[in-house]
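Breakdown of the fold
Residues per chain, in single letters:
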Amino acid sequence: MKIVRPAKAGTMESNDIYIMVYPNENGNEIQLDSIVLKQFGNQIKKVIMDTLNELEVENALVVAKDRGALDYTIKARVETAIKRACE
Amino acid sequence: MLFIPGNNPSMIQNSPFLGADSIILDLEDAVSLDEKDSARCLVRNALLSLDFNGCEKVVRINSISSGFGYDDIDAIARVKPDAFLIPKATEDDIEEIDSLISTIEREEGFKLGCIKLIPLIETAFGVEDVFNIIKSSKRIVAVLLGAEDLTADMGIKRTKEGEEIFYARSRIASVCAALKVDAIDTPFTDVNDFEGLRKDAEKAKLIGMSGKAAINPRQIDVINEVFSPSFDDINWAKRVIEAYEKAKMEGKGVFALDGKMVDAPILLRAKNIIEKAKAIGLIKG
């Protein structure tokens, strides 16, 4: 999927994650801010990257502001933002 | 049955531990128009990933006529919810949705008919047509009365006392009993009035509704108390069945317990109480 416009999904509420997606030139890039960055930062980035790969996204900048989201929420919010960015 | 907004991760992941028999993940009224896609995706992933702790997983989709309903069905049926709740259900909607789900069940290799349907009766036409609506699909396991929309449709005032929905409740309870599906009562919307909730639930139970929807987790305990058989009921039912077994061995058709005649309808009521108590784990079965 090709990112053609900036898009966002999710909220800043507890247990959610706010995802912003932008077109990028050099592959996929993640900028993560999380209340549990030290404990789960790598796992959150992995879920985001796995979701991008599943959707065959190759050039996206993902800016994520995490409020303690579980994996299913991270995946859902990334999927929604990507679909909105590709429409 | 507890309504949970479909775009709220915090409430979704806590919902299985609140004591409800069923969780209704709501994609309709609880979700704004510009977040329908997001909620659909969140509910789909929740159904794929979360353990719902034995709760029945029901998804309220948007109506077919809204334009969102088709996408809801296509996305959610593929992750096999227990049931769909269909807003403002009509016979035509149910038949079309049944057919769409059958196609998806075949494509996904699911057992045909495994996804059930619960029509939401919330128009005057729906109340009058409820018999045909239920008969329109074998997937239907229950009917939910939506009194807020119904009273709006009829142009009448909705009150706490609920006299205005007496007919709708009675009709739905009677038709559901005739067709052997559950009749679920409308939610009580004042989430801080527990005495009012209890009275409302008792009124619905008296008429024949078999359960009640909740819109706040704090309503669950009262609803469960009202709709669960009491221990006195269970003990009476056990004694009736024991007396029946004894009478049968003695070749008696009709017998008495505590000086009162026990015949087929009373025996049926006793059996229903035992079945219900077993279903909700009050006695082992």
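This text follows the structure it describes.
This report concerns the structure included in the present document.

How each quantity is defined
- Residues numbered from 1 in each chain as written.
- Chains lettered and ligands numbered in written order.
- Predicted model: local features only at pLDDT ≥ 70, side-chain atom pairs only at ≥ 80, totals over all residues.
- Helix = DSSP H or I, 4+ residues; strand = E, 2+ residues; numbered from the N terminus.
- Rg over C-alpha atoms; globule rule 2.2 N^0.38 Å.
- Buried ≥ 20, exposed ≤ 12 C-beta atoms within 10 Å, placed from the backbone.
- Contact = placed C-beta atoms within 7 Å.
- Core = buried A, V, L, I, M, F, W, Y, C linked by C-beta atoms within 7 Å.
- Pairing = 2+ DSSP bridges.
- Expected span 1.5 Å × (residues − 1).
- Arc of directions from axis to C-beta.
- Axes fitted to C-alpha atoms, helices over the stretch in contact; angles between N-to-C directions.
- Left-handed = near helix turned anticlockwise from the far one by under 90°.
- Right-handed = clockwise from strand over helix to strand, strands pointing away.

A tally of regular secondary structure across chain B gives twelve helices and ten strands. In summary, chain B has a C-alpha radius of gyration of 20 Å against a globular reference of 19 Å for 285 residues, a match within 12%. Each principal axis of the C-alpha distribution contributes one length, and for chain B these read about 65 × 45 × 35 Å. In chain B, buried positions account for 40% of the 285 residues. Long-range contacts, defined as pairs at least 24 residues apart, comprise 67% of the intrachain contacts of chain B with a sequence gap of at least 6.

A word on the nonpolar core. L85(B), I86(B), V143(B), L144(B) and I172(B) are the most contacted members of the largest nonpolar core, which has 87 residues in total. For this core, the leading source of residues is helix α2 (residues 71-86) of chain A, giving seven residues. In this structure, V143(B) is in contact with I118(B), P119(B), I121(B), V130(B), I134(B), I172(B), C176(B), V181(B), A183(B) and I184(B), ignoring residues within four places of it in sequence. One finds A270(B), I273(B), I274(B) and A277(B) within the second-largest nonpolar core, a separate group that totals seven residues.

On to the sheet that holds strand β8 (residues 211-212) of chain B. Two strands in a sheet stick together by hydrogen bonds in their backbones, pointing the same way (parallel) or opposite ways (antiparallel). All names here are of chain B. Across the sheet, eight strands lie side by side as β1-β2-β3-β4-β5-β6-β7-β8; this open sheet has parallel pairing. The outermost strands of the open sheet, each flanked by one partner alone, are β1 (2-5) and β8. Here two bridges tie strand β5 (residues 116-121) to strand β6 (residues 142-145), and the two strands are oriented parallel to one another. Bridge pairing in β6 places I121 opposite L145.

What follows is about helix α9 (residues 194-207) of chain B. Residues and elements named next belong to chain B. With 14 residues, α9 should reach 20 Å at 1.5 Å per residue; the first-to-last C-alpha distance of 20 Å fits that figure. Of all the residues in α9, the buried ones are L197, D200, A201 and A204. Along α9, the residues classed as buried sweep out an arc of 100° about the axis, all on the same side. More than 90 degrees from the buried face of α9, the exposed residues found are E195 and L206. For α9, the elements touching its buried residues are α8 (166-179), β7 (182-185), β8 and α10 (220-227). Among the residues trailing α9, G208 stands out with phi positive, at a value near 125°.

Moving on, we come to the packing of α9(B) against α10(B). A pair of packed helices is captured by two measures, namely the crossing angle of their axes and the spacing between those axes. All names here are of chain B. Relative to each other, α9 and α10 sit at 30°, their axes nearing to 9 Å. Read as a crossing pair, α9 and α10 show a hand that is right-handed. Contacts from F194, L197, R198, A201, E202 and K205 of α9 reach α10 at V222, I223, V226 and F227.

Residues and elements named next belong to chain B. Of all five residues in strand β2 (residues 22-26), five are buried; the element is thus mostly enclosed. By the alternation rule, side chains of β2 split into S22, I24 and D26 and I23 and L25, which are all buried. Looking at chain direction, β1 and β2 are connected through four bridges and run parallel. When the sheet's bridge partners are listed, P5 is paired in β2 with D26. Traced from β1 through helix α1 (residues 9-14) to β2, the parallel crossover comes out right-handed. In terms of strand pairing, β2 meets strand β3 (residues 56-60) through five bridges, oriented parallel.

Limitation: the analysis is restricted to geometry and does not speak to function.
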